[in-house]
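Observations on chain architecture
Each chain, written out:
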Amino acid sequence: MNKKLNLFAFYLILILYLELCYKIEVYKNFTDGLIFTLFFSITVALILYFLTKIFKTRNKQFIFTIIITVLISFLFGFNLVYYKLLDVPFSISTITLASQAIEFYKIGFQVFFENIGYILIMIIPLILLIIFNKKIDFRNYHKRKWKLFSKILISYLCSILIIIPFKQTGYKYYFKYDNLLESINYFGLITSSRLNVERFLFGFNDTIEIQKTFKENRNETVISKYEDNILNIDFASLKNKAISDEEKNLYEYFENNIATSKNEYTGMYKGKNLIFILAEGFNSIAVDEKLTPTLYKLTHTGFVFNNYYSPVFLSTTGGEFQATTSLIPTQEILNLWRKYNPSFLYSFGNTFNSLGYQTNAYHDWTYTYYKRDLTMPTLGFNNYMGCKNGMENYIDCKWLPSDIDMINKTSPLYMQNDKFMTYYISVSGHAPYNFNGGNSIAIKNEELVKNLPYDEELKAYLACQIEFDRAIEALINNLKASNKLDDTVIVITGDHYPYTLSVDEINEISSYERDELFEVNHSNLIIWNNNDKIIKEVDKVGSQIDVLPTILNLFGVSYDSRLLIGNDILSDTEGLAIFSDHSFISDNGKYINSTKTFIPNNSVNLTDNYLENMKLRVDNSFIASKMILETDIYRKVIGDK
């Protein structure tokens, strides 16, 4: 008689195989938390074994096992594609975001087919189950189900007990800190998905670990002749009035947070108009003296930011949240933004409303996309127009719309005002990039790029950015015609790099070799006024979360820099670009979270606790951003604006 594989053993092998496949592809290692993953996988395998044995016949057990295997394989395959697309694991809190993105299903299919080889590897257990199912023991010999149930409880208890001694890994991410990416790394995807659902349903409170050492270090090492950008806020009084531990924790965090100093550029644009543009897919590879001459001029005049990054945080909505609030976006945070109508006292709309400006926001795609009909008012843009709430009366709203049309048709709506702040969300640079799949903007400009020595997808991307470049040219011409050019500042940041392009494709045109973690996100920040003739090169590291405080300082706005996560890039505070996986680039080096590796810059002298302080600063940035929305703390610190 041939010995058959125990059904429990099959489930355990299935789970461990998929967990290892996922970890190797996403984290490039499988050793972190391997013992934790093993113990939790045993518990899950026992539960599945228990559920299968509820069925009395072999056929029913086999069908149930097939269904379970398909579902688990789908869970891993879906999460892999989602991570490859957005650089974060899927969270239950962003079901609304995922459903919204159905409109761009072609991008998802593109990523799926790019990873089809790995998807096929993940369904090998399913194929083997179907072919060799007679080699698996489906007999119903566990009549005493209570014994099996007790094994499940003992296994789960052992899983919990084994993580408790590991305070900085297992214990931290299971009990203390809601970090889905690290949770998957240490406990596996299945256990982390279960934790994610539990925390979504029942809530979970992180705690900020206060870093007074940052304040001390800054006072010792930085001597500034300028005063800090802070307000007279009585945090002691606020802590006494706090109604929750979370509020007290936040007040203490703000009080000890790094304040950024004013500088020689403080107030240089005071009283001028502001046009802020979130540019779809904009990246430094799109800047070319011949193809995109306007963008080239704007990136080489005035401020030139040499170390600016646009890290991917959940596509456009994450880039928008960073740039407009100076907070870190996660799936949970973006869900809170859409759900609770929080106050953002320093956002562009709210700030310039309080200064007496007319504020408007325009988008040349569906106005409800990413639920902007709910989020725009929180940023202070009550005059927000997109397709289906007015923009269709001005432009052709069929996919893919032209940014040139949006600029030309909306310019007369505000340029006659004495003081205006206008926010544009562009869309012409959107993927997928092709000449035969419905990208009308790429097709429109195909002749301008057809002879370039690049892959078709890269040429289509450049064709889309040519459209954006001409939209900016139109904007400048409209400002000039309205006699508002000299009195207006144009700020442009990309929402993210063009992530449907491969790193190899990006390196076809990049002026230097880019890696897939950090440098693929290297981009341009444009802060430009027609009177700015002298180039000021800024080597400090920055990213989208730094845009808002930088503009507040340039416009001479009175604000408290301790209340924001980002920093004024022109200040003397150390630069920092934070990535969705908690990796970071600072002025002193790069930290790769997946390998726990820090690469210092040449000739940099660092204190012994520098890395631990920076890692904690990054972790706190995520926690504080979430708590700010959960508690609506800005409304309590200063009040509505």
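Residues numbered from 1 in each chain as written. Predicted model: local features only at pLDDT ≥ 70, side-chain atom pairs only at ≥ 80, totals over all residues. Heavy atoms only, no water.

Details of the overall build of the chain
The number of helices and strands found in the chain is 26 helices and 15 strands. The C-alpha atoms of the chain give a radius of gyration of 26 Å, which matches the 26 Å a tight globule of 641 residues would have. Across its three principal directions, the C-alpha atoms of the chain cover 90 × 60 × 50 Å. Within the chain, the fraction of its 641 residues that count as buried is 59%. (Helix = DSSP H or I, 4+ residues; strand = E, 2+ residues; numbered from the N terminus. Rg over C-alpha atoms; globule rule 2.2 N^0.38 Å. Buried < 20%, exposed > 50% of the residue type's maximum accessible area, 1.4 Å probe, protein only.)

Observations concerning a negative patch on the surface
Negative charge collects at one region of the surface, where D455, D504, E508 and E513 lie side by side. Among the structural elements, D455 can be located in the loop between α21 (440-444) and α22 (456-481). (Patch = residues over 30% accessible without salt bridge, like charges linked within 9 Å, V, L, I, M, F, W, Y side chains within 5 Å. Areas by Shrake-Rupley, 256 points an atom, 1.4 Å probe, with all protein chains shown as cover. Salt bridge = Lys/Arg side-chain N within 4 Å of Asp/Glu carboxyl O. Lys, Arg positive; Asp, Glu negative; His and termini not counted. Charge placed at Lys NZ, Arg CZ, Asp CG, Glu CD.)

Brief notes about the packing of aromatic side chains
One pass over the full model with this rule turns up 47 aromatic pairs. With 6.4 Å between their ring centres and 90 degrees between their planes, W337 and F344 make a pair best called edge-to-face. Note on accessibility: W337 and F344 belong to one class, buried. Look at W365 and W399: their rings are 4.8 Å apart centre to centre, the planes differ by 70 degrees, and that puts the pair in the edge-to-face class. Of this pair, W365 sits in strand β5 (residues 358-366) while W399 is found in the loop between β6 (384-387) and α20 (403-414), placing the two residues 34 residues apart along the sequence. Ring pairing ties together the aromatic residues F36, F40, F166, Y171, Y174, F175 and F187, which thus form one cluster. Positioned above the aromatic ring of Y171, the side-chain terminus of K167 is 4.2 Å from the ring centre. Taking the ring centre of F204 as reference, the NZ or CZ of R199 above it sits at 4.1 Å. (Phe/Tyr/Trp six-rings, centres within 6.5 Å; stacked < 30°, edge-to-face > 60°. Lys NZ or Arg CZ within 6 Å of the ring centre and 35° of its normal.)

Observations regarding the pairing of strand β14 (residues 589-592)
Of the two faces of β14, only one is covered, namely that formed by G589 and Y591; the face formed by K590 and I592 stays uncovered. As paired elements, strand β13 (residues 584-586) and β14 share three bridges and run antiparallel to each other. Its bridge partner lying in β14, I585 is registered against K590. Linking two consecutive strands that pair antiparallel, namely β13 and β14, is a turn of two residues. (Pairing = 2+ DSSP bridges.)

Some points on the environment of D486
Along the chain, the position of D486 falls in the loop between α22 and β8 (488-494). Owing to a relative accessible area of 36%, D486 belongs among the partly exposed residues under this scheme. Sequence-wise, D486 and F468 are 18 residues apart; in three dimensions their C-alpha atoms are separated by 22 Å. With residues near it in sequence (within four places) discarded, D486 still touches K272, N529, N530 and N531. (Contact = heavy atoms within 4.5 Å.)

Section: a nonpolar patch on the surface
A grouping of I121, I124, I127, L128, I130, I131 and F132 is seen on the molecular surface, where their side chains present a nonpolar patch of about 600 Å² in accessible area. No other element matches the five residues that helix α7 (residues 124-131) contributes to the nonpolar patch. Tracing the backbone through its elements, the reader meets I130 in helix α7.

Describing helix α16 (residues 315-325)
Because each turn of an α-helix spans 3.6 residues, side chains separated by three or four positions end up pointing in the same direction. Burial analysis of α16 places 11 of its 11 residues in the buried class, which makes it a mostly covered element. Of the residues making up α16, those classed as buried are S315, T316, T317, G318, G319, E320, F321, Q322, A323, T324 and T325. In the segment just after α16, S326 is the residue with positive phi, at about 60 degrees.

Examining helix α1 (residues 7-27)
The first and last C-alpha atoms of α1 sit 29 Å apart over 21 residues, in line with the 30 Å expected at 1.5 Å per residue. Measuring from the side-chain oxygen of the N-cap residue of α1 to the backbone nitrogen of F8 gives 2.7 Å; that N-cap residue is N6. (Expected span 1.5 Å × (residues − 1). Polar contact = N/O pair within 3.5 Å; in protein donor to acceptor, adjacent residues only side chain to side chain.)

Focus on the state of the cysteines
Tallied over the entire structure, the rule returns one disulfide. Residue pairing for C387: its cysteine sulfur links by disulfide to C397, the two sulfurs lying 2.1 Å apart. Every disulfide takes its handedness from the sign of the S-S torsion; for C387 and C397 that torsion is -85 degrees, giving left-handed. With C387 in strand β6 and C397 in the loop between β6 and α20, this pair connects stretches of sequence that are 10 residues apart. The two residues C387 and C397 agree in class, both being buried. (Disulfide = S-S within 2.5 Å.)

A word on the environment of A471
Examined against the element boundaries, A471 turns out to sit in helix α22. Each C-alpha atom of the pair A471 and N408 lies 8.1 Å from the other, and the pair is 63 residues apart in sequence. Non-local contacts of A471, meaning those with residues more than four positions away in its chain, are made with D403, I404 and I407.

Description of the sheet that holds strand β4 (residues 303-309)
Spatial strand order, β9-β4-β11: three strands in an open sheet with mixed pairing. The sheet is open, and its two edges are formed by β9 (522-523) and β11 (536-543), each paired on a single side. Across two bridges, β4 lies against β9 in antiparallel orientation. For Y308, the partnering residue across the bridge sits in β9 and is S523.

Observations regarding the nonpolar core
Note that soluble globular proteins tend to have their nonpolar side chains buried in a common cluster. Y11, F254, F348, L475, I492, I527 and Y634 are the most contacted members of the largest nonpolar core, which totals 191 residues. In terms of residue count, α22 provides more of this core than any other element does, 14 residues in total. Ignoring sequence-local partners within four residues, the contact set of F348 consists of L274, F276, A323, T324, L379, F381, M421, V547, L548 and I551. (Core = buried A, V, L, I, M, F, W, Y, C linked by side-chain atoms within 4.5 Å.)

Topic: the packing of helix α3 (residues 58-86) against helix α11 (residues 189-202)
Where α3 meets α11, the closest approach of the two axes is 11 Å, and the angle between their N-to-C directions is 80 degrees. Of the possible angle classes, the one that applies to α3 and α11 is roughly perpendicular. In contact with I72, L75, F76 and N79 of α3, α11 contributes L189, I190 and S193. Partitioned by chemical class, the residues of the contact of α3 with α11 number five nonpolar, two polar and no charged. (Axes fitted to C-alpha atoms, helices over the stretch in contact; angles between N-to-C directions. Parallel < 35°, antiparallel > 145°, perpendicular 65-115°, else oblique. Nonpolar A, V, L, I, M, F, W, Y, C, P; charged D, E, K, R; others polar.)

Brief notes about the pattern of salt bridges
The final tally for this structure, using the stated rule, is 18 salt bridges. Across the pair E247 and K636 runs a salt bridge whose closest N-O atoms are separated by 2.5 Å. You can see E247 sitting in helix α14 (residues 245-256) and its partner K636 sitting in helix α26 (residues 633-637), a full 389 residues away along the chain. Exposure remark for E247: the relative accessible area of 4% places this residue in the buried category.

Here we look at the pairing of β5
Across a regular strand the side chains alternate sides, sitting on one face of the sheet and then on the other. Within β5, eight of the nine residues are buried, leaving the element largely enclosed by the surrounding structure. Sheet topology places β5 next to strand β7 (residues 420-425); six bridges connect them, and they run parallel. Counterpart to A361 in the pairing with β7 is Y423. Pairing geometry for β5 and β6, over three bridges, is parallel. What sits directly across from T366, in β6, is C387. Read as a crossover between parallel neighbours, the route from β5 over helix α19 (residues 372-378) to β6 is right-handed. (Right-handed = clockwise from strand over helix to strand, strands pointing away.)

All we've got here are geometric facts, nothing functional implied.
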